[in-house]
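# What the coordinates show
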2 protein chains.
Amino acid sequence: MRVLYHSLLSPFARKVRLVLAEKNLDFTMKAEKPWERRPEFLALNPAGEVPVLIEPDSTVLAGTDAIVEYLDEVYRDKLLIGINAVDRAEVRRLVGWFDIKMDREVTANLVGEKMLKRMVGEGQPNSQAIRAGHANLPHHLDYIGYLVDRRRWLAGDHFSVADITAAAHLSTLDYLGDVPWDQHEPAREWYARIKSRPSFRAILADHMPGLPPPKHYADLDF
Amino acid sequence: MRVLYHSLLSPFARKVRLVLAEKNLDFTMKAEKPWERRPEFLALNPAGEVPVLIEPDSTVLAGTDAIVEYLDEVYRDKLLIGINAVDRAEVRRLVGWFDIKMDREVTANLVGEKMLKRMVGEGQPNSQAIRAGHANLPHHLDYIGYLVDRRRWLAGDHFSVADITAAAHLSTLDYLGDVPWDQHEPAREWYARIKSRPSFRAILADHMPGLPPPKHYADLDF
């Protein structure tokens, strides 16, 4: 059986869950607390980060891009990284936008500060980082709106890993109630389409003990 | 003609220069100061970051991974991202290691603080960040040593974008004289092999006005 090491509010682990679900690939999840630095986990991924995927043939895959590219290359029934080189470049440009730029400007500042510090016991969240995260988020919602004003999905006509990556980050922020949907209608309409996909059901059912999501989190009509 | 928008101490732009050179693809370089946010440059890449590559057929490519994956897919005489899916996963895992983990822990703290703040005029470098960068660097040099103790190149038998990525980051740090080569012989031996490659000549000839590199920077026997 395929095994995914994940943590619940890692946007990177969520991305791999969504890719596996879109491709109808079965998997079991194991919750990992990367900050505990378990030797057995470090042996799988010396970077000490989730996600890590163990394929049914025992191939160990670590690193979000490495995992997603591998899955899209090996399981080709439904391609999620574009159908030609130029399309793929656009998907990967946007993956970088959300996984690097938005993560640095928003997700790390909000989910990282609020949740990871809480779980790791690293002390109080940095209020300056949280303010920066809130201040930076509208720019990314506007960019999603700009894109879907011109295209059906973020990278073009086809649903792709670009949509999955953006939704993975936004879903962790939405779990904390941090997304100002009311002021970003085009992004909300796009996210509503994502939320209604069968692949998203497990994400919407996520529940952290002691920290339930806001009511609208799982609501398709939010 | 192919045009690369770059800046001299961006490890990401250096990576694309090295990939182009390894593939014997001609290109012209245009120096961009991303922090000036030129509208014409933002039209090419809304993220406002180098590298951006304009292909001879006018295809605009932005985002380091997007550019490198495109080049490896389209110009296949010499593959730099592995020859099968498992090899490619290992190359991409290590690309993520150096471009995300090492960049966050080292390059951004040293090159980012020292150079970008100087160029952008954003004030004094953050001395805490610089201390963290120096403290984190040996771990990455040790990891390179660990890998080349077991393999000919970082990702396996073949020279790959994993080597190029690590060398791109180390070359910017080395330009500032920040790499403690004396205490990391295996990493030095690997970097000496990289430095002697024809693709690296242009990198070793880099010279920033007012900030010359240390003497050993271009020395193949450093």
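Here the structure is shown first, and the text comes after it.
Everything in this summary refers to the structure shown in the same document.

### Notes on the relation of the copies chain A and chain B
Overlay of chain A on chain B (RMSD 0.0 Å): rotation 180°, translation along the axis 0.0 Å. The superposition of one copy onto the other is thereby described by a two-fold rotation axis. Minimal C-alpha distance to the rotation axis in chain A is attained by A:Ile100, lying at 4.1 Å.

### Remarks on the interface of chain A and chain B
Listed by partner, the interface residues are 22 residues for chain A and 22 residues for chain B. Interface area for chain A against chain B, summed over the two sides, is near 1900 Å², with a carbon-plus-sulfur share of 62%. The salt bridge partner of B:Arg92 is A:Glu69, with a shortest N-O separation of 3.9 Å. Taken together, the connections running from chain A to chain B amount to 4 residue pairs in polar contact (both at pLDDT 80 or more). Elements with a minimum of two residues in the side of chain A that touches chain B: strand 4 (60-62), helix 3 (64-74) and helix 4 (85-120) of chain A.

### With respect to the sheet that holds strand 2 (residues 28-31) of chain A
Residue and element names in this part refer to chain A. Taking strand neighbours across the sheet as the criterion, the 4 strands line up as 2-1-3-4 in an open arrangement whose pairing is mixed. Of all the strands in the sheet, just strand 2 and strand 4 have a single pairing partner and so form its edges. Within the sheet, the average angular offset between the axes of one strand and its neighbour, ignoring direction, is 20°. Sheet topology places strand 3 (residues 52-54) next to strand 4; 3 bridges connect them, and they run antiparallel. In the sheet register, Ile54 faces strand 4, and the bridge partner there is Val60. Packing of helix 3 onto the sheet brings it into contact with strand 3 and strand 4, and relative to strand 4 it is tilted by some 125°.

### Looking at the sheet that holds strand 2 (residues 28-31) of chain B
Residue and element names in this part refer to chain B. On the basis of which strands lie adjacent, the open sheet formed by 4 strands has the order 2-1-3-4 and mixed pairing. Whereas interior strands pair on both sides, the edge strands pair on one side only; in this sheet they are strand 2 and strand 4 (60-62). For this sheet, the mean inter-axis angle between neighbouring strands, taken without regard to orientation, is 20°. The sheet contact formed by strand 1 (residues 3-6) and strand 2 spans 4 bridges and is parallel. Among the inter-strand pairings, Tyr5 is bridged to a residue of strand 2, identified as Lys30.

### Describing the packing of helix 5 (residues 127-150) of chain A against helix 7 (residues 185-195) of chain A
Relative orientation and spacing of two packed helices are given, respectively, by the angle between their axes and the distance between those axes. All names here are of chain A. In the contact formed by helix 5 and helix 7, the axes pass within 8 Å of each other and the chain directions differ by 75°. It follows from the interaxial angle that helix 5 and helix 7 lie roughly perpendicular. In this structure, helix 5 contributes Leu141, Ile144, Gly145 and Val148 to the contact, and helix 7 contributes Pro186, Ala187, Trp190 and Arg193. Here the residues of the contact of helix 5 with helix 7 are counted per class, giving 6 nonpolar, 1 polar and 1 charged.

### Looking at the environment of A:Asp206
All names here are of chain A. Along the chain, the position of Asp206 falls in the segment after helix 8 (201-204). Measuring from C-alpha to C-alpha, the distance between Asp206 and Tyr217 comes to 9.7 Å, with 11 residues separating the pair along the chain. Aside from chain neighbours lying at most four places away, what touches Asp206 is Leu8, Arg14, Arg17, Tyr175, Pro213 and Tyr217. A polar contact of 2.9 Å, which involves the side chain of Asp206, links it to the side chain of Arg17.

### Some thoughts on the pairing of strand 1 (residues 3-6) of chain A
All names here are of chain A. Going residue by residue along strand 1, you find Val3 and Tyr5 tucked away on one face and Leu4 and His6 tucked away on the opposite face as well. The β-α-β motif built from strand 1, the intervening helix 1 (residues 11-22) and the parallel element strand 2 has right-handed crossover chirality. In this sheet, strand 3 lies alongside strand 1 in antiparallel orientation, the contact comprising 3 bridges. The partner of Tyr5 across the bridge, within strand 3, is Val52.

### Description of the pattern of salt bridges
Enumeration according to the criterion identifies 42 salt bridges over all chains in this entry. A salt bridge links A:Glu189 to A:Arg193, with the nearest nitrogen and oxygen atoms 3.2 Å apart. Remark: A:Arg193 and A:Glu189 occur in helix 7; sequence separation between them is 4 residues, near one turn of the helix. Given a relative accessible area of 18%, A:Arg193 falls into the buried group. With a shortest N-O distance of 2.6 Å, B:Arg2 and B:Glu55 are connected by a salt bridge. Pair noted here: B:Arg2 is in the segment before strand 1 and B:Glu55 is in the loop between strand 3 (52-54) and strand 4, with a separation of 53 residues, a long-range link. The class for B:Arg2 is buried, based on a relative accessible area of 6%.

About the thresholds
- Counting starts from 1 at the beginning of each chain's written sequence and moves along it residue by residue.
- Working convention: letters from A go to chains and numbers from 1 go to ligands, in the order in which they are written.
- With the structure being a predicted model, the display of local features is reserved for residues of pLDDT at least 70 and the display and counting of side-chain atom pairs for 80 or more, all residues being used for whole-chain, interface and lining totals.
- Hydrogens are left out, water is left out, and the side-chain values use all remaining heavy atoms of the structure.
- Our superposition of the copies is a least-squares fit, built on the C-alpha atoms of residues whose pLDDT is at least 70 in both.
- The contact definition used throughout considers only heavy atoms, calling two residues in contact when any of these lie within 4.5 Å.
- Buried area counts how much accessible surface, traced with a 1.4 Å probe, disappears from two parts once they are put together, with both parts' losses summed.
- Here a salt bridge means any side-chain nitrogen of Lys or Arg lying within 4 Å of a carboxyl oxygen belonging to Asp or Glu.
- Whenever two N or O atoms come within 3.5 Å, that pair is a polar contact, provided that in protein one can donate a hydrogen and the other can accept it, and provided that, for residues adjacent in sequence, both atoms are side-chain atoms.
- Only DSSP runs of H or I with at least four residues qualify as helices, and only runs of E with at least two residues qualify as strands; both kinds are numbered from the N terminus onward.
- Only strands joined by at least two bridges in the DSSP assignment are considered to pair.
- Every axis in this analysis is a line fitted to C-alpha atoms, fitted for helices over the stretch in contact. Angles between the N-to-C directions lie between 0 and 180 degrees.
- Each angle gets one of four labels, with under 35 degrees taken as roughly parallel, over 145 as roughly antiparallel, 65 to 115 as roughly perpendicular, and the rest as oblique.
- Residue classes follow a fixed rule: Ala, Val, Leu, Ile, Met, Phe, Trp, Tyr, Cys and Pro count as nonpolar, while Asp, Glu, Lys and Arg count as charged, and any other residue, Gly among them, counts as polar.
- Whether a residue is buried, partly exposed or exposed follows from its accessible area with a 1.4 Å probe, protein chains only, as a fraction of its type maximum: under 20%, in between, or over 50%, in that order.
- Convention used here: a crossover is right-handed provided that the path from the first strand, over the helix, to the second strand proceeds clockwise when the strands point away from the viewer.

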